[in-house]
Amino acid sequence: VVVSEKNSAPLTPTVSKASAGAMELMQVHSTKNMVNFLEKAREGGWTVAGAALEKSVLPSELDSEAPTILVLGSEGRGMRTNVMRACS
């Protein structure tokens, strides 16, 4: 799991408690610039799939052998335009 440092709560014990311990089950990282992170991941051979209504593909259409990043937007506004553009 990768979250953006901007507009996100810092990864603290309080956040872990609010996540009902989910933070303890998997690694959670933060990045200063999500778009740069996603672009570098694509350059490194990762598929970057954005979960959005626009330009959608079915999960079955993704290459199950390729390393994949699934990008989720916020609850209220969804995915930012620049983040959506960084998806494959």
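In what follows, the accompanying structure is described.

What counts and what doesn't
Residues numbered from 1 in each chain as written. Predicted model: local features only at pLDDT ≥ 70, side-chain atom pairs only at ≥ 80, totals over all residues. Heavy atoms only, no water. 1 Å grid on protein atoms, 1.4 Å probe; cavity = no way out; pocket = protein on both sides within 12 Å on 5 of 7 lines; lining within 4 Å. Points joined across faces, edges and corners; volume = space filled by probe spheres on them. Helix = DSSP H or I, 4+ residues; strand = E, 2+ residues; numbered from the N terminus. Nonpolar A, V, L, I, M, F, W, Y, C, P; charged D, E, K, R; others polar. Buried < 20%, exposed > 50% of the residue type's maximum accessible area, 1.4 Å probe, protein only. Arc of directions from axis to C-beta. Contact = heavy atoms within 4.5 Å. Polar contact = N/O pair within 3.5 Å; in protein donor to acceptor, adjacent residues only side chain to side chain.

Here the largest pocket is characterised by a volume of approximately 1,200 Å³. In terms of lining, the largest pocket is formed by 35 residues, of which the most central are Val3, Ser4, Ser8, Met34 and Leu72. Elements supplying a minimum of two residues to the lining of the largest pocket: strand 1 (2–4), helix 2 (22–25), helix 3 (34–43), strand 4 (68–71) and helix 4 (81–85). Of the residues in the lining of the largest pocket, the class split is 20 nonpolar, 10 polar and five charged.

On to helix 3. Regarding helix 3, the residues found buried are Met34, Val35, Leu38 and Ala41. The buried residues of helix 3 all sit within an arc of 125 degrees when viewed along its axis, so they share a single face. Turned more than 90 degrees from where helix 3 packs its buried face, Lys40 and Glu43 sit exposed. On its buried side, helix 3 packs onto strand 1, strand 2 (29–31), strand 3 (47–50), strand 4 and helix 4. If you check the start of helix 3, you find a side-chain oxygen 3.1 Å away from the backbone N of Val35, and it comes from Asn33. With its phi angle positive at about 100 degrees, Gly45 sits one or two positions after the end of helix 3.

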